[in-house]
Amino acid sequence: MNPLTPLDQYDYVIVGGGTAGCVLADRLTEDPNITVAMIEGGPSDHNLPQVLQLSEWLSLLGGPYDYKYKTTEQPRGNSHILHSRAKVLGGCSSHNTLICFRPFPEDCDDWVNAGATGWDSESMQHYGDKIKCKIAPVHTADRNPIMADWIASCTSALGVPVVGDFDSWSRNRGGEGSTNVQQGVGWLSIAYTPEDGKRSSASVAYVHPIMGKRSNLHLYLESWVYKLNTNSDGSSITGVAFRDKNGVEMELKATHEVLICAGAVDSPRLLLLSGIGPKSELEQLGIACKRNLKGVGENLVDHPESIIMWETDELPPQTVMQSDSALFVRRDTSDPRPDLMWHTVPFADNTERLGYPRPKHAICMTPNIPRPKSRGKLYLTSSDPEVHPALDFRYFTDPEDYDARTIVDGLKLARKVAATAPFAHWLKKEVAPGPQIQSDEELSEYGRKVAHTVYHPAGTCKMGAISDDLAVVDPTLRLIGVDNARVVDASVFPLMVTANPMITVFIIAEKASDMILADYYKKMKKASKL
């Protein structure tokens, strides 16, 4: 079979050539007897320097390789957030900053307690070891002097230790009894190649080496899946309907399974458009309900962040992707995990809309909430597949006001770091919110209005026990109540992980590939005995 010759039926059809989809495409086609089609809405990244060069990531936001999803009105937050979702092979690993953290052990414990049996830390770390991306701390040649001074001031002002390798820190948890599990500051671990500054994304690490070389893999690029096809009673997924960039409509059948890897926005969106979701909401839109799954689109969660900005002189040019270091602090001593995180970035966005001046040169600290309490919802407003879904994150709406208080604490601690040498020597003045904003009430109002996203939507097809009314997939990632389909991406998160979630998505996909293959070989063995 020529790799460029499409079929009308494959063993597996993968919806979405993003982070998880690329992993599955590679792992499943390692067996030459297994045929796989992967359908991706964007083009290949293979010859796109703007995508491959990590330092260009900011230029991708809002551009042609971005789906550009808007946020609904947020009464207690920022209603103007544009949620970037990648429209290119590799998905968000071709679009984001490639910051690498494994899930904390307690994150995994929380998942298990929420019904995700088998997703304990020991199991997940094993799959983290299989990730093919090249991951390393920011190379010494890329280390900016102001970031180095910021790290030094964090240790002096807040008493946190320096972490030499965040990937090792998250992998080994700093060793028995180490405080590095709880707090730390340092240069981030990034999936990139320091010699040329290029991404080591899911597409680069998993798909580029096999493109055009495996006769059992076919890529449908610039093609968008708008419906899951089912059997007559809706109990089983049989394939997908999609259209290419020219509007030509096609269908593919899946002999074994359809693997939905479209991300935390488009995976629930596809399920809803296909009649899988809350019955009453679907029927209001004229969509026939094939499976009443109340949890589809619920449990929407994100890592919100705020911003505090200082004017500076022109900054040194060295950088990997302009957000090369991070700080973690633990306030709650009853939990070993940090509960505040900051990036430090040299740009002055997000504040102009509120009337603040935009200095020619500036640097910001962006406190974010590792485990937010607020939960939102994704839902359809039309049965037309071309209409974007509504994203209501309900930022800062948790009853205890935990999320807002976390931002206030983050702004206060940022000021403490900014007042400490050597970082303080780089700063000319605080521009936003400005030294006149001091009370908790003022800081909360400012911090929520200027809040942004770290682009980490998750949870909208959450994994859980079959007895959980809001669970969409079971612990094997199978769609509950519908055969021959799994969801494999960040939408299955039962709860948000503490730090950047990309590596957790890789882990999910690596584990999913093992589960899928185990079921495949079991079926083949059974069939051979008939």
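Our subject is the structure listed above.
Predicted, not measured: the structure shown is a model, and the values here were computed from it.

Focus: the overall build of the protein
Secondary structure assignment for the protein yields 13 helices and 24 strands. Relative to its length of 530 residues, the protein is compact, with a C-alpha radius of gyration of 23 Å against a globular reference of 24 Å. Across its three principal axes, the protein shows a C-alpha extent of roughly 75 × 50 × 50 Å. Counting the 530 residues in the protein, one finds 60% classified as buried.

Let's talk about the pattern of salt bridges
All told, the structure shown has 29 salt bridges when counted by the stated rule. Notably, a salt bridge pairs Glu510 with Arg27, separated by 2.9 Å at the nearest N-O pair. On the criterion of sequence distance, the pair formed by Glu510 in helix α13 (residues 502–528) and Arg27 in helix α1 (residues 19–28) is long-range, its members being 483 residues apart. Accessibility assignment for this pair places Glu510 and Arg27 in one class, buried. In this structure, Lys428 engages Asp313 in a salt bridge whose closest nitrogen and oxygen atoms are separated by 3.3 Å. Taken together, the positions of Lys428 in strand β22 (residues 427–432) and Asp313 in the loop between β16 (308–312) and β17 (325–329) put the pair 115 residues apart, joining distant regions of the chain. Salt bridges linked by common partners bring Asp107, Asp110, Asp335, Arg337 and Arg371 together as one network.

Brief notes about the nonpolar core
If you look at the biggest cluster of nonpolar residues, it comprises 161 residues, and the most contacted ones within it are Trp150, Ile190, Val240, Leu327, Leu477 and Leu479. Top element by residues in this core is α13. It accounts for 12 residues. Excluding residues that lie within four positions of it along the chain, Leu477 makes contacts with Trp119, Met463, Ala485, Arg486, Val487, Val488, Val492, Ile508, Ala512 and Met515. In this structure, Leu48, Leu60, Tyr65 and Ala86 belong to the second largest nonpolar core, which totals six residues.

Quick look at the pairing of strand β12 (residues 249–260)
In terms of strand pairing, strand β1 (residues 9–15) meets β12 through six bridges, oriented parallel. Residue pairing across strands places Gln9 opposite Lys253, the latter belonging to β12. What sits between strand β11 (residues 237–244) and β12 in their antiparallel hairpin is a turn of four residues, with Gly247 showing a positive phi close to 85 degrees. Across three bridges, β12 lies against strand β24 (residues 485–487) in parallel orientation. When the sheet's bridge partners are listed, Ile260 is paired in β24 with Val487.

Re the environment of Ser121
Turning to its location among the elements, Ser121 is positioned in helix α5 (residues 121–128). Distance from Ser121 to Val88, taken between C-alpha atoms, is 31 Å for residues 33 residues apart in sequence. When residues no more than four places from it in sequence are discounted, the contact partners of Ser121 are Pro105 and Cys108.

A short note on helix α6 (residues 145–158)
Each turn of an α-helix holds 3.6 residues, which means side chains three or four residues apart point in the same direction. End to end, α6 covers 20 Å across 14 residues, agreeing with the expected 20 Å (1.5 Å per residue, within 8%). For α6, every residue scored as buried is listed here: Ile146, Met147, Trp150, Ile151, Ser153, Cys154, Ala157 and Leu158. Taken down its axis, α6 places every buried residue within 165 degrees of arc, on the same side. Considering only its buried residues, α6 is in contact with β6 (184–187), β17, β18 (340–345), β19 (362–368) and α11 (402–418). Directly after α6, the chain includes Gly159, whose backbone phi takes a positive value near 70 degrees.

So, the packing of aromatic side chains
Taken as a whole, this structure holds 15 aromatic pairs when the rule is applied. Through pairs of rings, three or more aromatic residues link up here, namely Tyr10, Tyr220 and Phe242. The ring centre of Trp119 lies 4.3 Å from the NZ or CZ of Lys511, which sits over that ring.

Notes on the side chain of Asp302
Inspection of the secondary structure puts Asp302 in the loop between β14 (291–292) and β15 (304–305). Comment: no salt bridge for buried Asp302; closest opposite-charge side chain is Arg85, at 7.0 Å. Engagement of the side chain of Asp302 in a polar contact is seen with the backbone nitrogen of His456, the distance being 3.1 Å.

Let's talk about the side chain of Arg27
The exposure class of Arg27 is buried, given its relative accessible area of 12%. Looking at Arg27, its side chain comes within polar contact range of the side chain of Glu30, at 3.1 Å. Among the polar contacts listed, one links the side chain of Arg27 to the backbone oxygen of Lys130, at a separation of 3.1 Å. Not counting the four nearest positions on each side in its chain, Arg27 is found in contact with Lys130, Lys132, Tyr206, Glu510, Ser513 and Leu517.

Scoring rules and cut-offs
- Residues numbered from 1 in each chain as written.
- Predicted model: local features only at pLDDT ≥ 70, side-chain atom pairs only at ≥ 80, totals over all residues.
- Heavy atoms only, no water.
- Helix = DSSP H or I, 4+ residues; strand = E, 2+ residues; numbered from the N terminus.
- Rg over C-alpha atoms; globule rule 2.2 N^0.38 Å.
- Buried < 20%, exposed > 50% of the residue type's maximum accessible area, 1.4 Å probe, protein only.
- Salt bridge = Lys/Arg side-chain N within 4 Å of Asp/Glu carboxyl O.
- Core = buried A, V, L, I, M, F, W, Y, C linked by side-chain atoms within 4.5 Å.
- Contact = heavy atoms within 4.5 Å.
- Pairing = 2+ DSSP bridges.
- Expected span 1.5 Å × (residues − 1).
- Arc of directions from axis to C-beta.
- Phe/Tyr/Trp six-rings, centres within 6.5 Å; stacked < 30°, edge-to-face > 60°.
- Lys NZ or Arg CZ within 6 Å of the ring centre and 35° of its normal.
- Lys, Arg positive; Asp, Glu negative; His and termini not counted.
- Polar contact = N/O pair within 3.5 Å; in protein donor to acceptor, adjacent residues only side chain to side chain.

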